[in-house]
Amino acid sequence: MNQLRIVVMEDGPLQEQDHDATLRHLGLIDARTGLPHRDLLLDRLGQAVASVSRGGAAFALMCIGLSVLPGPPGPSRAEPEALRDEFAHQLLAMSRHTDSFALSGPDEFLALIPGNPSVGGLMAMGQKIAAGFAGRLQVHIGVALCPRHAADAGVLLQQACAALEQARAAQVITALYEPRGLGTAVRGEPAPEPEDAACTPGFVPVIDLQEGGLLRLQIVAAGAAGAHSDFAPTSIGSPPRQDRSQQVRQLLGTLDRALQAASDWRRQGLKLRLSLPLPGRLLDEPTLAPALLALLDRHRWPAPDLTVEARSAAIMQRGAEVIEALSSAGVPLSIDDEGDGMALHLAMAAPASVAELKFDSTSLGLLRSEAQRIAVVRALVALARGWQARVVATGVDDLLTRAWLAELGCDAAQGPACGRELPADQVPAWCAGRSGPPQPPASAAGSRLASGQSGATSAAEGSRPR
């Protein structure tokens with residue numbers, strides 16, 4: 001008579017060992033490195049994407065590429081395979097229990113980093129990964145974020161691989177994914193030539209939430225359908241040196257035309273302030289600050305009336321030399337968080353003088369409760385007050401959210417609820433036609449972010465910075 005035997009095993013090291021042995025037997029774990037193969041991580045990637053679609057936490061996908069640096073031959077020189085194995089063991093040693101690493105090719109690895117990681121944290125992680133192999137391996141890392149860049153596993157993998165190529169082309173350790181055509185050259189392909197080195201500028205209103213007036217106009221490079229991503233401060237990497245002069249010329253050409261238009265408005269009695277986003281990829285370009293200041297002198301434009309905006313993660317990656325040079329000349333700085341974890345970046349690499357902190361209000365939608373959203377906005381307001389800076393919310397797309405942010409102490413906002421992008425010839429008529437800000441209902445209840453409850457009172461104390 002056949003007997004059925006059931007073996008019950010308790011959780012413990014033996015079970016983990018048997019589990020790993022089973023995976024190796026199935027060919028899912030590389031015997032030399034101890035890391036899963038690509039297929040196993042792709043399965044986990046699909047599960048993570050499905051979780052995000054159900055309201056789960058955001059995550060990052062990293063593509064890590066290795067190349068052995070040349071060195072003197074000798075008995076102490078490690079073989080490429082031995083270096084790869086040592087690198088894989090380091091990844092295992094430094095990873096959290098929630099992180100997933102996999103071998104995806106002879107010299108490439110994939111990493112799934114859950115928990116809505118900040119760009120600053122990912123940059124620091126990349127530096128840590130590369131530090132142990134300085135002088136032996138050249139490490140480049142491409143990063144794509146879900147759902148920020150894509151909510152499809154296949155697309156996200158392609159974007160992480162493209163970001164790796166962008167990191168290699170820019171010769172930086174870590175690069176955040178950028179769509180092609182935004183100025184970051186991909187290895188083997190020339191950067192796209194601009195149609196005009198002096199692009200026609202557009203102007204986006206930034207509204208004073210507390211007083212209702214126009215705080216300033218943000219300069220953007222007009223393009224198809226009003227796109228202005230060429231100058232959005234979203235790049236962590238940097239293009240090859242030969243492309244920089246072209247990008248600096250394009251940026252300065254746009255600023256030149258914007259200052260010319262604004263000088264004409266001033267002669268008509270319309271005195272407006274401007275702001276210019278600086279691409280993160282140019283923040284360590286030594287020719288930028290002197291050329292920008294020379295433009296201000298030529299147009300006789302007061303330095304305090306032009307605010308420069310730079311992304312916090314880019315300042316941390318590229319340094320603040322350009323920012324400090326402009327600040328010393330009296331040009332105010334606006335640090336743009338764009339949902340990347342501003343507090344961490346400011347703590348690590350903030351310049352000495354910050355006039356403004358910007359944050360993406362749409363990122364608040366990732367939080368599950370109104371109490372969490374209120375706490376984040378209040379924390380940003382308190383942080384800004386400590387710097388004697390104002391707080392500007394971007395991406396504000398309805399009047400109720402605009403009122404809710406104002407009640408919490410935000411100083412200014414921009415987005416669809418504050419005004420669309422304007423060509424230069426429409427700015428005077430738009431300003432003349434504004435008899436005051438659009439009036440929302442008496443309470444901010446029902447806003448996209450307030451979740452049906454009345455807006456909280458402002459946590460800001462003391463005078464507002466101007």
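Our structure's up above, just so we're on the same page.
Values in this document were obtained by computation on a predicted structure and should not be read as measured data.

Engineer: Looking at this structure, I do not really get the overall build of the chain. What am I missing?
Structural biologist: Helix and strand content of the chain: 13 helices and 14 strands. Among the 466 residues that make up the chain, the fraction classed as buried is 49%. For the chain, the computed accessible surface area is about 21300 Å², with 53% contributed by carbon and sulfur atoms.

Engineer: Honestly, helix α11 (residues 370-386) in this entry has me stumped. Any pointers?
Structural biologist: The α-helix winds at 3.6 residues per turn, so residues separated by three or four positions along the chain end up facing the same way. Taking 1.5 Å per residue, 17 residues should reach 24 Å; α11 reaches 24 Å between its end C-alpha atoms and fits that length. Within the sequence span of α11, burial applies to E370, R373, I374, V377, L380, V381, A384 and R385. The buried side chains of α11 occupy one side of the element, clustering within an arc of 140 degrees when seen end-on. Projecting away from the buried face of α11 at angles above 90 degrees are the exposed residues A371, A382 and G386. Just beyond α11, the residue with positive phi is Q388, at close to 55 degrees.

Engineer: I'm lost on the side chain of T394 in this one. Help?
Structural biologist: Within the element layout of this structure, T394 appears in strand β12 (residues 390-394). Given the relative accessible area of 11%, T394 is considered buried. What T394 contacts, discounting residues up to four positions off in sequence, is K358, F359, D360, S361, T362 and Q414.

Engineer: Mind showing me how you'd approach the pairing of strand β6 (residues 201-208) here?
Structural biologist: A regular strand places its side chains on the two faces of the sheet in alternate fashion. Buried residues dominate β6, accounting for 8 of its 8 residues. Residue alternation in β6 divides its side chains into two sets, P201, F203, P205 and I207 and G202, V204, V206 and D208, and both sets are buried. Sheet analysis places β6 next to strand β7 (residues 214-221), joined by 7 bridges and oriented antiparallel. Across the sheet, V204 pairs through a bridge with Q218, a residue of β7. Hairpin connection, β6 to β7: the antiparallel pair is bridged by 5 residues, and G212 has positive phi, about 85 degrees. Relative to strand β14 (residues 422-423), β6 runs antiparallel, the two being bridged by 2 bridges. Across the sheet, residue G202 finds its bridge partner in β14, namely P423. As defined by bridge partners, β6 adjoins strand β13 (residues 412-413) across 2 bridges and the pair is classed as antiparallel. Bridge pairing in β13 places I207 opposite A413.

Engineer: Help me understand the packing of aromatic side chains in this model?
Structural biologist: Two aromatic rings, taken as a pair, are described by how far apart their centres are and by the angle between their planes. All chains considered together, the criterion is met by 2 aromatic pairs. Judged by centre distance (5.4 Å) and plane angle (45 degrees), the rings of F87 and F109 are tilted. Note that F87 is positioned in helix α3 (residues 80-94) and F109 in strand β3 (residues 108-114), a separation of 22 residues in sequence. The pair F87 / F109 is uniform in exposure class, with both members buried. Judged by centre distance (5.1 Å) and plane angle (70 degrees), the rings of F203 and W265 are edge-to-face. Of the two residues, F203 sits in strand β6 while W265 sits in helix α6 (residues 241-267), which places them 62 residues apart along the sequence. Taken individually, F203 and W265 each receive the classification buried, so the pair is uniform in this respect. Over the face of the ring belonging to W301 we find R266, whose NZ or CZ atom lies 4.0 Å from the ring centre.

Engineer: Explain the sheet that holds strand β5 (residues 174-176) to me, please; I cannot follow it from the model alone.
Structural biologist: What links the strands of a sheet is backbone hydrogen bonding, and the strands pair in either a parallel or an antiparallel sense. Reading across from one edge, β2-β3-β1-β4-β5 is the order of the 5 strands in this open sheet, with mixed pairing throughout. Every interior strand has two partners, whereas the edge strands, β2 (100-105) and β5, have only one. Across this sheet, the average inter-strand angle for adjacent strands is 20 degrees, counted without regard to direction. Note: strand β1 (residues 59-68) against β3, 7 bridges, orientation antiparallel. The residue of β3 that forms the bridge with G65 is E108.

Engineer: Explain the state of the cysteines here, please?
Structural biologist: Defined simply, a disulfide is a covalent bond joining two cysteines at their sulfur atoms. Throughout the structure, instances matching the rule amount to 0 disulfides. For the unlinked cysteine C63, the closest cysteine sulfur is that of C161, found at 4.0 Å.

Engineer: What's the story with the nonpolar core in this structure? I'm lost.
Structural biologist: Nonpolar side chains in soluble globular proteins tend to be buried together. Among the nonpolar cores identified, the biggest contains 63 residues, and L274 and L278 are the most heavily contacted of them. Top element by residues in this core is α6. It accounts for 9 residues. Counting 29 residues, the second largest nonpolar core, distinct from the first, contains L83, A111, M125 and I141.

Engineer: I tried to follow the environment of R148 on my own but got confused; where do I start?
Structural biologist: Its location among the elements puts R148 in the loop between β4 (137-146) and α5 (153-170). You can call R148 partly exposed: its relative accessible area is 37%. As a C-alpha pair, R148 and S363 span 215 residues in sequence and 9.7 Å in three-dimensional space.

The rules behind each value
Residues numbered from 1 in each chain as written. Predicted model: local features only at pLDDT ≥ 70, side-chain atom pairs only at ≥ 80, totals over all residues. Heavy atoms only, no water. Helix = DSSP H or I, 4+ residues; strand = E, 2+ residues; numbered from the N terminus. Buried < 20%, exposed > 50% of the residue type's maximum accessible area, 1.4 Å probe, protein only. Areas by Shrake-Rupley, 256 points an atom, 1.4 Å probe, with all protein chains shown as cover. Expected span 1.5 Å × (residues − 1). Arc of directions from axis to C-beta. Contact = heavy atoms within 4.5 Å. Pairing = 2+ DSSP bridges. Phe/Tyr/Trp six-rings, centres within 6.5 Å; stacked < 30°, edge-to-face > 60°. Lys NZ or Arg CZ within 6 Å of the ring centre and 35° of its normal. Axes fitted to C-alpha atoms, helices over the stretch in contact; angles between N-to-C directions. Disulfide = S-S within 2.5 Å. Core = buried A, V, L, I, M, F, W, Y, C linked by side-chain atoms within 4.5 Å.

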